[in-house]
Every structure is written in structure tokens, then in C-alpha cells.
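Take a look at the letters that make up each chain.
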Amino acid sequence: MRPVYMVSGGVSKFEKARPDATFQKMVKEAFDYTMGDVPKLKPDMIDGSVGSYFSDHFTRQLMAGIMATDYLGLCPKPNKRVEGGGATGGLCFQAGWEAVASGRMDVCLAFGFETMSHVQTWKGNEFIALASDVNFDYPVGGFYSGYYAMMVNRHMHEFGTTVEQLAMVSVKNHMNAYNNPYAQKRKRLTIQDVRNSTMVAYPLTLLDICVMSDGAAACVLASEEMAFKLTDKPVRITGVGTGTDMMRMADRPHGDVILAPNEKKSDYKNLKYPGVHSFRAGRSAGLQAYKMAGITDPIREIDFVELHDAYTSSEIQTYEDLALCKYGEGGRFVEEGHPFMPQIDYGLKLKTKGTIPVNPSGGLIACGHPVGATGLMQAVFAFWQIQGTIKKHYGSPELQLKKANRGLIHSHAGTGTYVTVSILERGW
Amino acid sequence: MAKNDIGSKRSPRRNPAAKLEEVMTGTTVFGIPFPKDLNALKNMSPIVIKHPYYVEYVHSYGQDSPFFAGLANKKLLGTTCGRCKYTYATPRMHCTKCGKETKWVELPQEGRVHTFTTCYFGSEEFLKETPFHLVLVEFDGVDTLMLARLIGVEGPGDIEIGMKIRAKFRRNSQLKPTDVYFVPAG
Ligand SMILES: [Zn+2]
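Just so you know, these numbers come straight off a predicted model, no measurement behind them.

Moving on to the environment of Leu145 of chain B. Here Leu145 of chain B lies in the loop between strand E5 (132–138) and strand E6 (146–150). Apart from residues no more than four positions distant in its own chain, Leu145 of chain B is found in contact with Ala250, His254 and Val276 of chain A together with Ala89, Thr90, His114, Leu136, Val137 and Glu138 of chain B.

Put into C-alpha cells, the structure is as follows:
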């Protein structure tokens, strides 16, 4: 395998509804932004593309991938669709990496989109819930917020995690998004605002849960030779990992923790793992990516994380999967302030700030979650962060981290069925 | 929950953000306006049409069919792997650990709440049933869990992890996993 770099990225603003544009047009917006950021890149230098969208139900168009490809003028070059629930965008990013790493392409475009506004919210929830076992899970009350609520209730039971700790994730991500013009929800909130918000599935309120969006995102990945021809500041993808787990969370084993390099068996004497409180796929993806990137102490060796916070609870669960803290310490990790941005005032009393900023962009909770685009959006935001070009792309420098040499992006599907982790690093 | 406590002594609650739920009913429009100048077309509002979609599938439960026949006969069936001594509360015909074919076994009809939630909203299909309570059920001697509805409680405050619950069956089976549901054990 040869080294792979990201040389450019673009995002259409994520909005509740984009009736003014079809999915092809939204992809074109993200693509044009991407091309505009690397003027040396011409369409004929792109060897092919991978496209992602999650749901045929939302799109009501099979083979939508080729329709975006032809709209971009990339026929007759290679293209395929990549799909894996909420992790669709992350899988697409890694499919682009594979195309370049294998030598099949020197320059590959990875694009993704979703048009979720074409049905009403509760129908949309039904479509999403069809990504749970339709024989055994969906008919019992298929509703992803309900599934995540059950998982966090077990997390709270197992580890003492509190609803206020969940709410702090929401405060953090909405506040970060305040300075991100691409975000759908830019809000200053208090813990009380989150708790007083409408209860959706106990204990998760409306402000603990991401929203549906229309949107698109695109990334250009390239070989080393092409990357340095195209830009002075390419970002190298140094690690990729993909984990999986049983579709039905009822089927998850209750065994031993898969240990991270910085953990010991004695850390988890009485913990049955993963059960429904932890994501084995996230741990597996993280450890693969860490091994490839040579990371043994993630919290010290990674500067920031963009992770899949479809729920405040899953952000806390993911801190643990990614070994940013031990299993069971995720609630305390956010309460102490570790994942907050050092330079932002959240209106919270925090013991520390900025140990490892998580979701500096605002994450899914605030940016929105047009599924097929989401994992690529994270790549774009992380890419700008590492390049140090946040001011250029956001129009203001507030969210630029001082030290952003190495970032982690994390995309997550189902109740933890597919999870991807990719490590991005300063490549110049 | 707080949302339902309509008491006489409380202070008035007024919500300036109150909003009617959008509905999918509406009129079909005839006579779409059209400008004389084609350059004005790019300023046109998007046309949004309604597109209904209805499908009836012939859906087979395949090798899992006996589970549903069991429910119709007030039996809760799981499967077990003889080689791994591993029992699945939600049946699977092949063991995920060793790949060997499993065999059908009857599960106990009393279990405990492994975890739970109360859904105040849901997918469109289940919205009219809200609030409803979901539980993952654990059974003695069984290695995996089962997703089910819990009734006989009002809210999350009435449910506890570890509490004993008992299976009940619909008399008129619908051949759905909801033919079995749980109630607090007496
Ligand atoms: Zn076996």
C-alpha cells in the first residue's frame, strides 16, 4: 500500500430542507468548492470517484450515485456506491483511500449526500429504523432514539453516568457550532435548556439528538506525487480502521474488554463487554487505526477528534471506545472539561479545557446529519483544522486549534454495527 | 413526566415557539405561473410534488418461522448451540461463535429488565402508540437478550434495571415479535 493524502474538501451547508436543489446539485456545490480550493486540480486529473448515500427510501432513486457522477462530468471513469448506515460517509472516505493506496487511482474523489427532507420527520425516523432487524427489532417499536436511550440507561446503571454529563456534550457541540457557518444549529445552551427540552426517549431529550438534514460533502484524495503537485499543504491519512458488530444489540456478547495499548486487564475486573453499553465496533476500528498510525497513547498523541455524536450519549460512549479514557469514565471525562475547546466560553465551570477537543466543528448534533455526507463532512472539517485554514473556510478563526497536527475522524452506524476510524496528519 | 402534569396551581405556560404539526394533505396546483423572460426562470420557486409509495411484500421469516409459530402457541423459543453451550434469546439458526446449526429450545417466561426506555415519540408507524416502553430482557441461563415491549407501567420512573418481568401473549397472534410482551412480575 502506498501513502494517501487528502488535498481538498468541500461541504454544502447542511439545512433542514433544500427544495431548491436536487441531490446532484448539492453534490456539485460541494465538488465545486473542493475544486476551487486546489486550482491546480483539473477535472481530467481525477481518475474516478466513490459516492455514498445511506437510504434508497429517502432518495427514492436507485443508482443515484451515477446520477451525481454524471452531473459532475466524471463519466466514463470508475465510480461505485458505498453504503453502511450512519457510517456511510466514513466508509466512502476509506473506499477513496483504498482506491489510491492500492494504486488503482492517483486522484480519487469521494462524495456523499442525503436528502432527508423529502419525507416528514416521523416517516424519516421509520426509514432510519428500517436499518434495524425488520423481523425482530423494528416491529417492536423501531426507533433509533429508543435504542440509544436503552444503551445509555445501561451505561448509567453500569458506570454512574448522569444526564447532566450528557447535556454537557450538547452544550459543547452547539456552542462550538456557533462559530461554524456550515452548521445547521448554532446555539448557546445551558445544561438546564437541554434537560428541559422535550423528552424523546427517556433520558434523551430533543437536544441530546442530532437532526435530519439535506446536504453533501466531497473530498479529494491523492497519491504522494500528485498531492504535492496539487497543494503545499496535503494532509496524510496515516491510519484507517473499520469495526463491525451484530445488527441486533440484543445479540451482543457479554465477554472481556478488547484492551487498548494503554489499558490492562485488571482495569476491568467485573465489566461484561461490550453488552449494550459499549461499542465493540468502535473499539475495533480505533485499535486498527491506532496500530497503523503508530499511536499507543491516543489522548496524548492525537490533537483533536471529530466523532459521530448522533446522540450525546454515543459521544460519551465513543470517548471510551477510542480509549481517550477508560470504559466507565466517559461521563467524568466530559464533566472535567477534557473534550471542550480551550478558547471557547461555554458558560460552564470546568476543571480543565482542551485536553483533546472533541467535535470542534459542532459535530452531528449541531451541524446536522445528512447521513451519506456526514463522515465526509468530518473529514473536510478535520482537513481544514490540520491545514490551519479554518479562518479561510469558516470566515472566522475562533474554531482554529493552535495545535492540530493530527486528528481523528469517526463515523458510526446502527446501534454500533459499522464504525470507521481514520487518522489524518499534517503531511508537509 | 412533567409534560403531562396539568395541575390547577401551576403558573401559566405560554410558548411563543408553539407550532402546528405539518401535514401531508394539501391541494394539487393547476396553472403554474411562468415568466415571459426565460432568464427569470432561475428565480423560480422549486416545485414540490407529493409522491405516495405503498408496497405489499411477501415476506418470509424463513428458518426463524418456528419462533413466530411458538408465540402463536404461547411459547417463547430461543436457540442453543450444543458445541458452545451458548443460548440465544433472539433465535438464530446458526451459532455466531462456531457456525454450527443450533437447536430450538423453550425459554423461561420470566426474566429481568436488562435495560429500558420510554419512547414519547417514534417512527410514524408507532407514533400513535406513544408513549410506549421498550425493554431488553435477560433470562436465567440464556446468553443473549431479547427486545420487547413492557406494559403495566406508566413511565420510566416505574421501571428499574434488574426488575422481574413476565411474558404474556396475544390471544390473536399477528405473527409479529409483539405477539409476546412483558408485564411486571406480580
Ligand atoms: Zn457454537
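Residues and elements named next belong to chain B. Across the sheet, which stays open at both edges, the three strands sit in the order E2-E1-E3 with antiparallel pairing between neighbours. The sheet is open, and its two edges are formed by strand E2 (86–88) and strand E3 (103–106), each paired on a single side. If you compare each strand with its neighbour and ignore which way they point, the axes differ by 35 degrees on average.

Our focus in this paragraph is unusual backbone geometry. Going from Tyr202 of chain A to Pro203 of chain A, the amide bond is cis rather than trans, its omega being 5 degrees. Within the secondary structure, Pro203 of chain A sits in the loop between strand E5 (199–201) and strand E6 (204–205). At the junction of Tyr273 of chain A and Pro274 of chain A, the peptide bond is cis and its omega measures out at -5 degrees in the coordinates. Position of Pro274 of chain A relative to the elements: it lies in strand E10 (residues 273–274). If you check the backbone angles, Lys85 of chain B has positive phi at about 55 degrees while not being a glycine. Secondary-structure assignment places Lys85 of chain B in the loop between strand E1 (77–81) and E2. By relative accessible area, which is 67% here, Lys85 of chain B ends up exposed.

On to the coordination of the zinc ion. Residues and elements named next belong to chain B. Bound to the zinc ion on the protein side are Cys81 (SG), Cys84 (SG), Cys95 (SG) and Cys98 (SG), at distances that span 2.3 Å. For the zinc ion, the four donor atoms are set out with angles of 102 to 114 degrees between them, so the coordination reads as tetrahedral. Counting along the primary sequence, the residues that act as donors to the zinc ion give the motif C-x2-C-x10-C-x2-C. Taking the relative accessible area as the measure of exposure, Cys84 reaches 26% and is therefore partly exposed.

Moving on: helix H13 (residues 312–321) of chain A. Residues and elements named next belong to chain A. With 10 of 10 residues buried, H13 lies mostly within the body of the structure. Those residues of H13 not exposed but buried are Thr312, Ser313, Ser314, Glu315, Ile316, Gln317, Thr318, Tyr319, Glu320 and Asp321. Positive backbone phi, at 60 degrees, marks Ala323, one or two positions downstream of H13.

Right, let's get into a nonpolar patch on the surface. All names here are of chain B. On the surface, a nonpolar cluster with roughly 510 Å² of combined accessible area is contributed by Val29, Ile32, Met44, Ile47 and Ile49. Mapped onto the elements, Ile47 comes out in the segment before helix H1 (65–72). Residue Ile47 is classed as exposed on the basis of its relative accessible area, which comes to 55%.

It is worth spelling out the interface of chain B and chain A at this point. Every contact between the two is made by 49 residues of chain B and, on the other side, 39 residues of chain A. When chain B packs against chain A, close to 3900 Å² is buried across both sides, 65% of that on carbon and sulfur atoms. By the criterion of area lost to chain A, the three top residues of chain B are Phe121, Glu124 and Leu147 of chain B, representing 14% of everything that side buries. Across the pair Lys123 of chain A and Glu124 of chain B runs a salt bridge, and its minimum N-O distance is 3.2 Å. Breaking the side of chain B that touches chain A down by element, the ones donating at least two residues are H1, strand E4 (110–119), E5 and E6 of chain B. By residue number, the principal contributor to the side of chain B that touches chain A is E4 of chain B, which donates six residues. For the side of chain B that touches chain A, a count of residues per class yields 27 nonpolar, 12 polar and 10 charged.

Residues and elements named next belong to chain A. Evaluated as defined, the whole model comprises 30 salt bridges over all chains. Two residues, Lys123 and Glu126, come together in a salt bridge whose shortest N-O distance is 3.0 Å. Taken together, the residues span about one helical turn, with Lys123 and Glu126 both in helix H5 (residues 121–129) at a distance of three residues. Judged by its relative accessible area of 24%, Lys123 is partly exposed. The class for Glu126 is buried, based on a relative accessible area of 10%. Note that Arg280 is salt-bridged to Asp245, the shortest N-O span being 2.6 Å. Remark: Asp245 occurs in the loop between strand E8 (235–244) and strand E9 (254–255) and Arg280 occurs in helix H11 (residues 280–293); sequence separation between them is 35 residues. By relative accessible area, Arg280 is classed as partly exposed at 24%. The class for Asp245 is buried, based on a relative accessible area of 11%. Ionic contacts of the salt-bridge type, sharing partners, join the residues Arg18, Asp20, Lys25 and Glu29 into one network.

Criteria and cut-off values
- Residues numbered from 1 in each chain as written.
- Chains lettered and ligands numbered in written order.
- Predicted model: local features only at pLDDT ≥ 70, side-chain atom pairs only at ≥ 80, totals over all residues.
- Heavy atoms only, no water.
- Helix = DSSP H or I, 4+ residues; strand = E, 2+ residues; numbered from the N terminus.
- Contact = heavy atoms within 4.5 Å.
- Pairing = 2+ DSSP bridges.
- Axes fitted to C-alpha atoms, helices over the stretch in contact; angles between N-to-C directions.
- Buried < 20%, exposed > 50% of the residue type's maximum accessible area, 1.4 Å probe, protein only.
- Donors = N, O, S within 2.8 Å, 3.2 Å for Na, K, Ca; no water.
- Tetrahedral: all angles 85-135°; square planar, octahedral: opposite > 155°, others 65-115°.
- Patch = residues over 30% accessible without salt bridge, like charges linked within 9 Å, V, L, I, M, F, W, Y side chains within 5 Å.
- Areas by Shrake-Rupley, 256 points an atom, 1.4 Å probe, with all protein chains shown as cover.
- Salt bridge = Lys/Arg side-chain N within 4 Å of Asp/Glu carboxyl O.
- Buried area = accessible area lost by both parts, 1.4 Å probe.
- Nonpolar A, V, L, I, M, F, W, Y, C, P; charged D, E, K, R; others polar.

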